[in-house]
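In case you want the letters, here they are:
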Amino acid sequence: MKNLSKELISRIEKIATPIKIMHVCGSHEHTIMENGLRTLLPPEVEVIAGPGCPVCCVPAREIDEALELLDKGVTIATFGDMLRVPGSNSSLNDAKAEGADVRIVYGINNGVEIAKKLDNEVVFIAAGFETTAPTTASEILAEPPENFSILSSHRMIPPALEFLIESGETSLNALIEPGHVGTIIGTKPFEIFSNKYGIPQAMAGFNPLDVLMAVYMILRQCKNGEAKIDNEYNRAVKTEGNVKAQEVIDEVFEVKSREWRGFPKIPNSILEIKKEFNEFNAREKFDIEVKNVENEPNGCICGPILRGIAKPEDCKLFRKTCNPANPVGACMVSKEGTCNIAHRYGLH
Ligand code: SF4
């Protein structure tokens, strides 16, 4: 492994060119920081983090929706990380401390189990990218109990990338694509970024050699004057992806436009439950309406960090008032958040 990484780094050095490569995956950021990969790369090869942490991308509005549901007496079931993600004025953790019924679960199936045991209405917050959407869809198709519904926070990576590229704000030259999203949607939805915008890409797995190989493949494309998507993670990702999982997603969800944390409304970027499953859509079932959304806590720069134009160390609160024990912003909450990772492994 050591010899392989040395060999890869030596190959990278030979063809290095000034480049800004964005990845969009908390696991990639974790691998990069845990193994100090940025320090091994030539200085002209910059690897930056984009909107890769699903919990971080959930905007304040969707936390506010869950808080409104709690006000209506509903039980909320969600992943532990979601409890500390800030809404406009408070979090699910704050609500729980005041007596609201918030249950931590490890998956949607635990939420269904809770609903089976309670008379109360139970809403599961379904957050995640394309990777987790098939599980949510399958659970809805399995006809959960009547007192169970979903607040969908599922988001799709390619529309966010198109938004970033079109905005020009990040000035990225290349992309490392997230392998776990690729296992579901394949490499095809990413081809547009090479074909339309001339961006070299590599679909990558999650160990240090995967990431280094992806960087090498991108630089090799640059050297050869190419722009395409190389599939470094072909042991798990097929060009067409997992067609069955895609069919399940299409059966249950429709694509809609909505804001992400740090982003305005991104066209066609979220998965909402289709009308025929309205009985399982908490937004329809409970008629929730959130107003006056405040997107970031004072001083937090999660938005620019998620758009790849700022780093955790640019934030005045980083490692001071904001840390994993007391996160101020969403990027410090989850172990996949850029600020949380930087806090644990050092600066970029
Ligand atoms: Fe937000 Fe904390 Fe990151 Fe600053 S360090 S950007 S407050 S999450």
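Residues numbered from 1 in each chain as written. Predicted model: local features only at pLDDT ≥ 70, side-chain atom pairs only at ≥ 80, totals over all residues. Heavy atoms only, no water.

Participant: Would you explain the overall build of the protein chain in this entry?
Facilitator: For the protein chain, the helix and strand inventory stands at 16 helices and eleven strands. Projected onto the principal axes, the alpha-carbon positions of the protein chain cover approximately 65 × 45 × 35 Å. When contacts within the protein chain are restricted to residue pairs at least 6 apart in sequence, long-range pairs at least 24 apart make up 75% of them. Accessible surface, the protein chain as shown: approximately 14,900 Å² in total, 47% of it carbon and sulfur. Side-chain charges of the protein chain comprise 38 positive and 48 negative groups, with the mean position of each set lying 6 Å from the other. (Helix = DSSP H or I, 4+ residues; strand = E, 2+ residues; numbered from the N terminus. Contact = heavy atoms within 4.5 Å. Areas by Shrake-Rupley, 256 points an atom, 1.4 Å probe, with all protein chains shown as cover. Lys, Arg positive; Asp, Glu negative; His and termini not counted. Charge placed at Lys NZ, Arg CZ, Asp CG, Glu CD.)

Participant: Just to check I follow, could you spell out the packing of helix H8 (residues 133-141) against helix H13 (residues 243-252) for this structure?
Facilitator: For any two helices packed against each other, one specifies the inter-axial angle together with the distance between the axes. It is the contact of H8 with H13, at a shortest axis distance of 8 Å, that shows an interaxial angle of 60°. One way to sum up the angle between H8 and H13 is to call them oblique. Helix-helix and strand crossings are classified by hand; for H8 and H13 the assignment is left-handed. Contacts from Ala 133, Pro 134, Ala 137, Ser 138, Ile 140 and Leu 141 of H8 reach H13 at Ala 245, Val 248, Ile 249, Glu 251 and Val 252. Of the residues assigned to the contact of H8 with H13, the class counts are nine nonpolar, one polar and one charged. (Axes fitted to C-alpha atoms, helices over the stretch in contact; angles between N-to-C directions. Parallel < 35°, antiparallel > 145°, perpendicular 65-115°, else oblique. Left-handed = near helix turned anticlockwise from the far one by under 90°. Nonpolar A, V, L, I, M, F, W, Y, C, P; charged D, E, K, R; others polar.)

Participant: Mind showing me how you'd approach the site of the ligand here?
Facilitator: Residues in close proximity to the ligand total 13 residues, the closest being Cys 300, Ile 301, Cys 315, Cys 322 and Cys 339. A per-class count over the shell around the ligand returns twelve nonpolar, one polar and no charged. (Near = heavy atom within 4 Å.)

Participant: Before we go on, may I ask you to explain a negative patch on the surface in this structure?
Facilitator: Where like charges cluster on the molecular surface, the negative patch consists of Glu 247, Asp 250, Glu 251 and Glu 276. With respect to the helices and strands, Glu 276 occurs in the loop between strand S11 (263-273) and helix H14 (282-285). For Glu 276, a relative accessible area of 54% gives the class exposed. (Patch = residues over 30% accessible without salt bridge, like charges linked within 9 Å, V, L, I, M, F, W, Y side chains within 5 Å. Salt bridge = Lys/Arg side-chain N within 4 Å of Asp/Glu carboxyl O. Buried < 20%, exposed > 50% of the residue type's maximum accessible area, 1.4 Å probe, protein only.)

Participant: Would you mind showing me how to read the side chain of Arg 155 here?
Facilitator: Relative to the helices and strands, Arg 155 is located in strand S6 (residues 148-155). By relative accessible area, which is 1% here, Arg 155 ends up buried. In this structure the side chain of Arg 155 is engaged in a polar contact, spanning 2.8 Å, whose partner is the side chain of Glu 62. (Polar contact = N/O pair within 3.5 Å; in protein donor to acceptor, adjacent residues only side chain to side chain.)

Participant: Whenever I open this one, the environment of Tyr 233 confuses me. Can you help?
Facilitator: Note on placement: Tyr 233 falls in the loop between strand S9 (229-231) and H13. The exposure class of Tyr 233 is buried, given its relative accessible area of 14%. C-alpha separation for the pair Tyr 233 and Ala 214, spaced 19 residues apart in sequence, amounts to 9.0 Å. Sequence-distant contacts of Tyr 233, that is, excluding residues within four places in its chain, are made with Gly 179, Thr 183, Met 203, Ala 204, Gly 205 and Phe 206.

Participant: I would appreciate a short explanation of the pattern of salt bridges in the present structure.
Facilitator: Side-chain pairing between opposite charges can occur once the charged atoms of the two side chains come close. This structure, assessed with the given rule, holds 19 salt bridges. For Glu 46, the salt bridge goes to Lys 311, with nearest N and O atoms at 4.0 Å. Here Glu 46, found in strand S2 (residues 45-49), pairs with Lys 311, found in the loop between helix H15 (302-306) and helix H16 (338-345); they are 265 residues apart in sequence, far enough to count as distant. Looking at Lys 311, the relative accessible area reads 32%, which means it is partly exposed. Between Lys 228 and Glu 226 there is a salt bridge, and its shortest N-O distance comes to 3.6 Å. Exposure remark for Glu 226: the relative accessible area of 34% places this residue in the partly exposed category. Here the salt bridges do not stand alone but share partners, grouping Glu 65, Arg 258, Glu 272 and Arg 283 into one network.

Participant: What exactly am I supposed to notice about the packing of aromatic side chains here?
Facilitator: Centre distance and the angle of the planes are the two values used to describe a pair of aromatic rings. One pass over the structure, following the stated rule, counts six aromatic pairs. Between Phe 129 and Trp 260, the aromatic rings sit 6.1 Å apart at their centres with planes inclined by 25°, giving stacked as the arrangement. Linking Phe 129 in the loop between strand S5 (122-128) and H8 with Trp 260 in strand S10 (residues 253-260), this pair joins segments that are 131 residues apart in sequence. In this structure, Phe 129 and Trp 260 share a single accessibility class: buried. With 5.9 Å between their ring centres and 70° between their planes, Phe 163 and Phe 263 make a pair best called edge-to-face. Of this pair, Phe 163 sits in helix H9 (residues 157-167) while Phe 263 sits in strand S11, and the two are 100 residues apart along the sequence. Assessed through its relative accessible area of 23%, Phe 163 is described here as partly exposed. (Phe/Tyr/Trp six-rings, centres within 6.5 Å; stacked < 30°, edge-to-face > 60°.)

Bear in mind that shape data such as this cannot, by itself, settle questions of function.
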